[in-house]
Structures are given as C-alpha cells and as structure tokens.
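Here are the chains, one letter per residue:
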There are 2 protein chains.
Amino acid sequence: MYINRPASFTDYYELTMAQGYFEAEKHHQTACFDYFFRTNPFKGGYVIFSGLKDLLEVLENFRFNESELSYLKSEGFSEPFLEYLKDFSFKGDIYSAPEGEVVFPNEPILRVEGTLIETQIIETLLLNILNFQSLIATKASRIKQAAGNCKVLDFGLRRSQGLGGIHATRAAMIGGFDGTSNVYAAQEFGIKASGTMAHSWVQAFDDELSAFRAYANSFPDDTILLVDTYDTLNSGLPNAIKVANELKEKGHQLIGIRLDSGDLAYFSQKARIMLDEAGFPDVKIAASNQLDERVITSLKLQNAEIDIFGVGTRLVTGDQTPALDGVYKLASVNGEPRIKISENVEKITTPGPKMVYRYFNSDGSFYGDAVAIESEPSPEQMNHPIYTKKTSQLADKKSKVYQQQVMAKGKITSPLPTVQESADYCKLQLSKLTQEYKRFENPHIYKIGLSTKLFKLRDKMLNNHQK
Amino acid sequence: MYINRPASFTDYYELTMAQGYFEAEKHHQTACFDYFFRTNPFKGGYVIFSGLKDLLEVLENFRFNESELSYLKSEGFSEPFLEYLKDFSFKGDIYSAPEGEVVFPNEPILRVEGTLIETQIIETLLLNILNFQSLIATKASRIKQAAGNCKVLDFGLRRSQGLGGIHATRAAMIGGFDGTSNVYAAQEFGIKASGTMAHSWVQAFDDELSAFRAYANSFPDDTILLVDTYDTLNSGLPNAIKVANELKEKGHQLIGIRLDSGDLAYFSQKARIMLDEAGFPDVKIAASNQLDERVITSLKLQNAEIDIFGVGTRLVTGDQTPALDGVYKLASVNGEPRIKISENVEKITTPGPKMVYRYFNSDGSFYGDAVAIESEPSPEQMNHPIYTKKTSQLADKKSKVYQQQVMAKGKITSPLPTVQESADYCKLQLSKLTQEYKRFENPHIYKIGLSTKLFKLRDKMLNNHQK
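My aim in this report is to walk through the structure given alongside it, one point at a time. (Residues numbered from 1 in each chain as written. Chains lettered and ligands numbered in written order. Predicted model: local features only at pLDDT ≥ 70, side-chain atom pairs only at ≥ 80, totals over all residues. Heavy atoms only, no water.)

It is worth spelling out the overall build of chain A at this point. A tally of helices and strands in chain A yields 17 helices and 21 strands. Projected onto its principal axes, the C-alpha positions of chain A cover 80 × 60 × 40 Å. Going through the 467 residues of chain A one by one, you find that 63% of them count as buried. Taking as baseline every contact in chain A between residues at least 6 positions apart, the subset at least 24 positions apart corresponds to 74%. Mean positive and mean negative side-chain charge positions of chain A (52 and 58 charges, respectively) differ by 5 Å. (Helix = DSSP H or I, 4+ residues; strand = E, 2+ residues; numbered from the N terminus. Buried < 20%, exposed > 50% of the residue type's maximum accessible area, 1.4 Å probe, protein only. Contact = heavy atoms within 4.5 Å. Lys, Arg positive; Asp, Glu negative; His and termini not counted. Charge placed at Lys NZ, Arg CZ, Asp CG, Glu CD.)

Moving on, we get to the environment of Asp87(A). Inspection of the secondary structure puts Asp87(A) in the loop between helix H4 (79–86) and strand S3 (93–96). In this structure, the C-alpha to C-alpha distance between Asp87(A) and Gly326(A), residues 239 residues apart in sequence, is 30 Å.

All names here are of chain A. The end-to-end C-alpha separation of helix H15 (residues 419–431) is 18 Å, in line with the 18 Å expected for 13 residues at 1.5 Å each. Residues Val 419, Ser 422, Ala 423, Cys 426, Gln 429 and Leu 430 constitute the buried set of H15. Axial view of H15: buried residues confined to an arc of 130°, hence all on one face. Every exposed residue of H15 that faces more than 90 degrees away from the buried side is listed here: Lys 427 and Ser 431. (Expected span 1.5 Å × (residues − 1). Arc of directions from axis to C-beta.)

Moving on: the pattern of salt bridges. Taken as a whole, this structure holds 54 salt bridges over all chains when the rule is applied. Between Arg314(A) and Asp292(A) there is a salt bridge whose closest N-O contact spans 3.2 Å. One end of the pair, Arg314(A), is in helix H14 (residues 313–316); the other, Asp292(A), is in the loop between strand S10 (284–287) and helix H13 (293–301), and 22 residues separate them in sequence. A relative accessible area of 22% means that Arg314(A) is categorised as partly exposed. Arg213(B) is paired through a salt bridge with Glu246(B); the nearest N and O atoms lie 2.7 Å apart. Of this pair, Arg213(B) sits in helix H10 (residues 208–218) while Glu246(B) sits in helix H11 (residues 232–249), and the two are 33 residues apart along the sequence. Overlapping salt bridges, with partners in common, bring together Asp11(A), Glu14(A), Glu123(A) and Arg158(B) in one network. (Salt bridge = Lys/Arg side-chain N within 4 Å of Asp/Glu carboxyl O.)

A few words on the side chain of Thr124(A). Residue and element names in this part refer to chain A. For Thr 124, the location among the structural elements is in helix H6 (residues 123–147). Owing to a relative accessible area of 0%, Thr 124 belongs among the buried residues under this scheme. Side-chain polar atoms of Thr 124 contact the side chain of Glu 14, separated by 2.8 Å. (Polar contact = N/O pair within 3.5 Å; in protein donor to acceptor, adjacent residues only side chain to side chain.)

Turning next to the sheet that holds strand S18 (residues 398–401) of chain B. All names here are of chain B. One open sheet accounts for six strands, arranged S17-S16-S21-S15-S14-S18; its pairing is mixed. The open sheet has two edge strands with one neighbour each: strand S17 (391–393) and S18. On average, each strand axis in the sheet is tilted by 35° relative to the strand beside it, whichever way the strands run. With four bridges joining them, strand S14 (residues 354–360) and S18 adopt antiparallel strand pairing. Each residue of the ladder has a partner; that of Tyr 357, found in S18, is Val 401. Sheet contacts for helix H16 (residues 452–466): S14, strand S15 (366–373), strand S16 (381–383) and strand S21 (447–451); angle to S21, the most-contacted strand, approximately 70°. (Pairing = 2+ DSSP bridges. Axes fitted to C-alpha atoms, helices over the stretch in contact; angles between N-to-C directions.)

Next up on the list: the interface of chain A and chain B. Of the residues lining the interface, 103 residues belong to chain A; the matching set on chain B comes to 103 residues. For the chain A and chain B pair, buried surface summed over both sides reaches about 8500 Å², with 53% attributable to carbon and sulfur atoms. Three residues, Arg158(A), Gln161(A) and Leu163(A), lead the burial of chain A against chain B; their summed loss comes to 10% of the area buried on that side. Our count for the chain A to chain B interface comes out at twelve salt bridges. (Buried area = accessible area lost by both parts, 1.4 Å probe.)

Soluble globular proteins tend to bury their nonpolar side chains together. If you look at the biggest cluster of nonpolar residues, it comprises 304 residues, and the most contacted ones within it are Ile257(A) and Ile257(B). When residues no more than four places from it in sequence are discounted, the contact partners of Ile257(B) are Ile224(B), Leu225(B), Val227(B), Leu237(B), Ala240(B), Ala271(B), Leu275(B), Val283(B), Lys284(B), Ile285(B) and Ala286(B). (Core = buried A, V, L, I, M, F, W, Y, C linked by side-chain atoms within 4.5 Å.)

This part covers the packing of H10(B) against H11(B). To describe two helices that pack against each other, one gives the angle between their axes and the distance between the axes. Residues and elements named next belong to chain B. With their axes 9 Å apart at the nearest point, H10 and H11 run at an angle of 35° to one another. Regarding H10 and H11, the two cross each other, and that crossing is right-handed. Listed contacts from H11 to Glu 208, Leu 209, Phe 212, Arg 213 and Ala 216 of H10 are Ser 235, Gly 236, Asn 239, Ala 240, Lys 242, Val 243, Glu 246 and Leu 247. (Left-handed = near helix turned anticlockwise from the far one by under 90°.)

If you trace the backbone, Thr229(B) turns up in the loop between strand S8 (224–226) and H11. Here Thr229(B) falls in the buried class, since its relative accessible area comes to 0%.

Let us now look at the packing of aromatic side chains. The geometry of an aromatic ring pair is captured by two quantities: the separation of the ring centres and the angle between the planes. Residues and elements named next belong to chain A. The final tally for this structure, using the stated rule, is 40 aromatic pairs over all chains. Taken together through their ring pairs, the aromatic side chains of Tyr 12, Phe 22, Phe 62, Phe 64, Phe 77, Phe 81, Tyr 84 and Phe 88 make up a single cluster. Positioned above the aromatic ring of Phe 42, the side-chain terminus of Lys 139 is 4.7 Å from the ring centre. (Phe/Tyr/Trp six-rings, centres within 6.5 Å; stacked < 30°, edge-to-face > 60°. Lys NZ or Arg CZ within 6 Å of the ring centre and 35° of its normal.)

Residues and elements named next belong to chain A. Ordered in space as S17-S16-S21-S15-S14-S18, the six strands form an open sheet in which the pairing is mixed. Edge positions in the open sheet fall to strand S17 (391–393) and strand S18 (398–401), since each of these has one partner strand only. Taken over all neighbouring pairs, the strand axes of this sheet differ in orientation by 35° on average, direction set aside. Examined bridge by bridge, strand S16 (residues 381–383) and S17 share three bridges and lie antiparallel to one another. Paired with Gln 381 across the bridge in S17 is Gln 393. Packed on one face of the sheet, helix H17 (residues 452–466) meets strand S14 (354–360), strand S15 (366–373), S16 and strand S21 (447–451) and runs near 70° to S21.

Next up on the list: a nonpolar patch on the surface. Side chains of Val345(A), Ile386(A) and Tyr387(A) sit close together on the surface and give an oily, nonpolar patch of about 320 Å² of accessible area. Along the chain, the position of Tyr387(A) falls in the loop between S16 and S17. (Patch = residues over 30% accessible without salt bridge, like charges linked within 9 Å, V, L, I, M, F, W, Y side chains within 5 Å. Areas by Shrake-Rupley, 256 points an atom, 1.4 Å probe, with all protein chains shown as cover.)

This paragraph deals with the pairing of S14(B). Residues and elements named next belong to chain B. Within S14, seven of the seven residues are buried, which leaves it mostly tucked inside the rest of the structure. Burial along S14 is two-sided: Lys 354, Val 356, Arg 358 and Phe 360 facing one way and Met 355, Tyr 357 and Tyr 359 facing the other are all buried. For S14 and S15, the ladder comprises seven bridges, and the chain directions are antiparallel. For Arg 358, the partnering residue across the bridge sits in S15 and is Asp 369.

Turning one copy of the chain about an axis and sliding it along that axis gives the other copy, so a rotation and a shift relate them. Here chain A sits on chain B after a turn of 180° about the axis and a move of 0.0 Å along it, with an RMSD of 0.0 Å. Within this description, the copies of the chain are treated as partners about a two-fold rotation axis. For chain A, the smallest separation between a C-alpha atom and the rotation axis is recorded for Gly164(A), amounting to 2.2 Å. The share of interface residues of chain A whose copies in chain B are also at the interface is 100%, consistent with both copies meeting through the same surface. (Least-squares fit on C-alpha atoms with pLDDT ≥ 70 in both.)

With that settled, the discussion passes to helix H3 (residues 66–74) of chain A. Residues Glu68(A), Leu69(A), Tyr71(A) and Leu72(A) constitute the buried set of H3(A). Buried residues of H3(A), viewed axially, fall in a sector of 160°; they line one side. Set apart from the buried face of H3(A) by more than 90 degrees, the exposed residues are Glu66(A) and Ser74(A). Packed against the buried residues of H3(A) are helix H1 (12–23) and H4 of chain A together with helix H8 (183–189) of chain B. At the N-terminal end of H3(A), a side-chain oxygen is found 3.0 Å from the backbone nitrogen of Ser67(A), two or three residues along, and the residue is Asn65(A). Note on H3(A): the residue one or two positions beyond its end, Gly76(A), has a positive phi of about 95°.

This part covers unusual backbone geometry. Excluding glycine, most residues fall at negative phi; most peptide bonds, likewise, are trans. All names here are of chain A. Here Lys 409, not a glycine, exhibits a phi torsion of approximately 45°, which is positive. With respect to the secondary-structure elements, Lys 409 resides in the loop between strand S19 (404–408) and strand S20 (411–412). Among the residues examined, Lys 409 registers a relative accessible area of 66% and is labelled exposed.

Set out below in structure tokens:
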C-alpha cells in the first residue's frame, strides 16, 4: 500500500471544491482530466513515465476512513457532504501510457474520466506520484546511459527527501538502475539490494587490515572492501590485496574494492594496476561520491577503471531539477470541451478528451507524436501547437496509440507489470529513441503536434473566448 | 508513526555490518556517533535543525518484524544473527540540540551513544529524517524572512518528492510557515490547512461568474476567488467584485482573491486599486506561481500588493539544493576516540564524544560556537578547525551547551515539543542570529571552533596516523 490514508494525501482545495460541487449539485456531471508536463527535466530530451502501478493501486483503495471524516468534520465540512464521502470510492476510467514509456512535453500521457468530484479529488495524489517517479526514472535513465555497460547502484536513501526515498528507488530501477542499497524498497518491490561496509566499519577495528579480514570472514563470497578510510594507495589497497590473497587460499574470491573520495579517475587507474599486478584482474572497482550522468561521462572520458558506480543524492533527488512540472487539467465537463486561457500562451490548455498517436520511422524508431481527439483515426498531418504555419505530413508513417485503458469503473483492468517488467519495457522503448534526443547537451526537440481536427477545435474555442 | 517498517528503512550495508560485528563478537562494544553537516544549503548562513521528534519516536519503536526477518533470511543473513535481531531494539542514549535550533556546519548537533550495532544500524534512518526536515525547515525560514509580515502558505504537495511531502510540510511549519494545503500533514501534526479553488473549478461552470457565485454560496465566510482563468483584469476581478458585493449584501465578506500567473507585481497593484475603489480594502490578495525567497524579495522591492504568498515546489523540494549533506560519523569505540583521515582535509573527522558550547554577545545575540570534549568546562578559547593560527578568546562571554539528553536507554526522556512549539522556538532563536548571517547574498560566516583540548586530541591522532 502506497500510503495509509490516500484520500487525505491531497490539497485542501480538492475537498472544498468537492463539497462545492456537491452543494451545487454538479457532482454527478462527468468530467475528463489530462495529465501532462510542460518541460523536460534536466534540460534533457524526454521523460520516462513512471508511478502508474502505485497510482492505480492507491485509487482502487481510495476511501475516507473514520479518522479522516472526523477531522474534516472538525474543519467545518458539512454533514451531508461528509455523509456522501463516507461511501465514496473512485469509480472512474483511466487511459494511460504504460509505465516505462518514453514520453514528451505537452502530450496527454494519461486521461481520467468519471464524475466531476471523483476526477477532481484525486488530482494532488495523482500529480505527486506521477511527477516524482517520472522525474527519478528519467534521471536514472540518463545516469545509466552515461555508465554504458558498467553497473549503476542506487545509494541515495540517506539523502533522499524523507519517505520519498522509497519510491525514488522504485523509479530508479524502472529507469535502468541495476540495484539499490535501499532495503525497504528491495523487499517492497522485489528488487536486488546490496551493500558491504562504511568507513565506520574500518574505524571500529584497531587497524584497517583487521577490519578487512573480519568482513571477509563473515562474507567470504560477497566482500567489497572500502579502501579510502586512511590512505587509499599506501594502506587501503595493499591491505585489500592481502585479504584477496587470503580469500583465494581458502577457495573464495574478493568481489571488489570501493573508492569514495579523492580523484576517482586517478585512484581507479592506480587501483586497477595494483590489483592486476597482484593477480586479481577480476576484482571489480566500485566508485561513489557525488556522481551523476555528467561526472560519470567525464570519468569515462578519462578512462577511469570503474566497473560499478554507486549514485546517491543526485539520483534520488533529481539534483538541480528536483521536480517534474506535471499538471492535471480539465479537458471536458458533461461531454463539452473546456479550455483554460492564460496570460502565458504555452499555458493555454487543449480542450476535450484526447489520445496520442506515436509515429515511427521505417527502421522502427520514433518519428513524432500527434495529439488527436479521442476516437479520431490516425491523423495524416500534425500541426505545431503554437506556430500555425508549421506542419508535418504523416500519411506514409506507421502509428500506434500509446494509451490503453488501465482502469475501468475504479478497477484495474489487467495485471500490472512488475518493476522489472517496466524496466525491460523502458529499455526497449529507449532503444527506439535515437541518440540525438538522448544526448545531455542541447538534445534535439522531439516532434509533438496536434491533429488538424483538434487544432481547429482549440482555435474555435479561443475565438469564442475572445469575443 | 513515521513508517511501518523503520528497521528496513536503511542501507543494506548497515545490516551486513551488523552481522559482521555480531560474528566478530564486537556487538557489545560501545560506540559514539556524531550527526553533523558540512555545508549550509542555499548558499545561506545557517540551518534550522528539524526532524528530531520523528526520529526519536521511530527509534522508540525500532524492531524487526516477521516479514523483515524472513526477507533477510532469504537474502542469506545467518540464523544466529537473525535470532539476535528478533529481540533487537534500540537502547542507546541520544544528546541533541532541540528541534528548531539554529545550527551551523561541522558542529556535532546530535550524538548517539550505545552498542556498536545499535548506533550503526540506525544511521540511514537518522540521516534521512534529519537531513530532509532540516533542509526544508531552513528553506522555509528563508522564505518567511523574505515575506516579512505577509503570510506564507505551503502549496507544495503535488510536486513534492513522493511521500516526502508529508514531512516537508511539517518542517516548513517549524521553519516559520503559517499554513499548508496538505491535508494529511495538517491532520497528522495538528497544523492549519487551507485552500479554496483551482482553475478547474472555474472551468467546470458555464461561466466565471457562476463559478464564483457557487463557491461563495457554499463557503460564504471562507472564499478566495482565483481570478486568472480567463482574463484577470477584464473578467476575473470584475466578477470577484460582483461576488464581493453580493456577499456583503448577505452579511458576509469575501476573504480574498488569488493570482496564479502573469506579472504578479503588476496584477496585484491593479487588483488592489480595483478592490479599494470598489470599497473592499480588506479583501486580501494572494499570489502563487513558482515563488521562493528571491522572487518574493523582488516582488516586495516592486511594492507588489500581495498579502499572502502560496509557495510550492521550491519550498518542499529545496529547489536548487535538494539535499542537506548531513553525515553520521564514528567518534569513539569502547571509550577510545576514532578518527577518519581523508584525501580531502575538510573530511577529516573530529575524534571522541563532543558537545557544543554556544557563546553570546552582551545583547544576547549569538557570537559563535565552540566544539568541546564531552564533559569539558566552557572553553576560554576556540581554534579554527583547519587554520592553526586563527583563534577566538571567549573568557568574557556567557555560554550554554546546546545539546540535552533526549533519549536514555532507548526511551524518550521528556515530552517532545509540538510542531507549533518547535516553530516558536525556531522564531526565538532566529531572532538571536543577527542579520548579516541571514542575508541571501554572501552571508557572513558564523564562527565555529574547537576547544584547545579537542584541537590537541585531533592533532595527536593525526600525527599518530602519519607515523
């Protein structure tokens, strides 16, 4: 269970609006909301959509319990409304991209249909889950991309944002991480946890060699020695090599050594030479200390001899971009499309229930995405959302709608993929996104457009408002 | 309860080390760990210490449950060790600064004493809670400082880092926020929640005026109208004034209007004039949209007519600094001081159990903090931690040790303050920190030093290692 009181994990105004709709007798009207984001995080070229399974499981169990109802009573919510909430559950329909999908700005990734109250009241919960997990899955995919064939492990729990650390790890795995130090998440989501020793282990013994030996004694087949507590090259590595030899004599093998400070490129190269010369070419070198996709890229360019990267803070918080700007916007009420005008052109919403057609190049790679009106057949042209003269012809391209119905009348429609399955899907989809969209510096901008029908609908509604 | 399985909210290596200590028969040895951070976040001059109550409550209930033990068994942990964990609880002592205290880099804010296993195994949990809440309390205090006498409300839940949003709100209140939109946190921590309407409310009705009237009808004494859905000055404000008049006729009063886009300085000034001219000088103006301490400062400099600031993403994530770099370092084992050397001078630890004397100027403001050996009397001199020639004389200054024992043998020693009490304490302590440490640009660096006894102890241990 994501949280013990999901209905309260919300902004207060979702509840005042719900009471307002109830009192205005609008609560049985239907509505449709879109989830989308406006800007790629990390100045990157894409987002990995994540968090869907958690969201759907929470929505299936969305109820107001006794303590919540009595809290709301104390806050002055009305008796008839509280009576209504007592039996309330989410019974809407949801159409969504699969978890792990590669998605882009300003396309409706997920669509919620139901009554006005039920679609409104889940807003904050939905945004919180999808925004955060999509952010971290995206960051993880970038770090994995930088690391190439090296392993990347999540070490972030101690600096993650409170309990957010649990789902940061989940999202990191979907984005391509190979393992985590986070025991809670490992048990919860069936992922691989690992870890060996901290500096305190080494300090807790009278000397470094005794500390290494004691660890190897307890975990003869699973030892990675942290070599930088006192002096990496003059003490840590020689002691690690001693223990590697002792393990070998007993029929075991040292798994690796870890560097956690200093110049990781320099020390890893020195360490590789020392280990190789001592007859341990298979002993891995792990490194950690403020890593991210840019530092890893730089280490790779310097030919650092690192096999495993432990990444913490900058993975689990998103570092310089600690939030995805995902929003949840009303698209229609009672079957009628709605629009929000704004002082900022890019904040004008696209009206009506919609879906996304993804178009492919002949080699199977992604060409671009067209946002269309819900039941509209595959558009033959897409139009730039703002510049009216820019269009793309699509008639010769294969396409596929990427949303599927994932919830019907409040019930999950089919078994949801595990974290590993979503990670595999993510990897497959990323392989169809060509490199120019994935580079870290000035990535190419992916084509997103509106179908001509949708473009005209929006235009008409804008004109009506201007009158 | 902070989390359902606190013992698992940890890095895997805490558990492998615990088994290693157990098997090396070191688990009954005693140890002392320090919690401290190295750098002020946000390029600021101080940190607000937060999260202590949550930490202590979790530690009182720190147990491994059946599911955790069987998970660890499946991971290959040894039977005798799992047997040991079955009865394990935290029985250590903790000395800490109070929640809401103003603290500084490289001073041991909190000290944990107990057996080697129990002091080690809580590391990740402790760091996660204290790092995150201290980060957000600090950010909140900066935003409140910028807002001056205006109210600041937390609107961040939808962009907070997953479940981290719960304690982000708690910490924001300790740092000085006046309220929140977060219903979960409000109920959990007894704080004030508020909120009125989203753009979707306005869009859900056939026109803006009907939407405003319906809301005012449901909440005649608690209405803040969001005026920027279609056209702030030509539609939103005129409609709000109509509804304000209608409420007045019925003996009620419109509380305020809210701006959420466009130029907040310009629109707030226009709104103030329109409201005043219509006879509503008491109707408040609330503003939101990507605010933080710098934007608020800028709005104030432009004489924006804003009474209430709603702050979201940049508060609850910490924005550009989404983590506090707090660490937990071994200071002694079995009564003997321990040190960690490092390639980076500033990462060398200070050995032994310690406490912090805070010194005061004659007007009661903070002068500086001296880190001393645990039972040492108030030092008469403090020494710069790195530059050996720099000292401060303290003989004529009043001082006070800021740590108190807060946990004895695993039990909380006295009732912990509520969020409001910690917020009050924080406000009082901040009033003793003079402005030069609080400014946003190049704040003055607060004096932190080591007592001469402690300085000599560290020196001696460093010399021993170099031999």
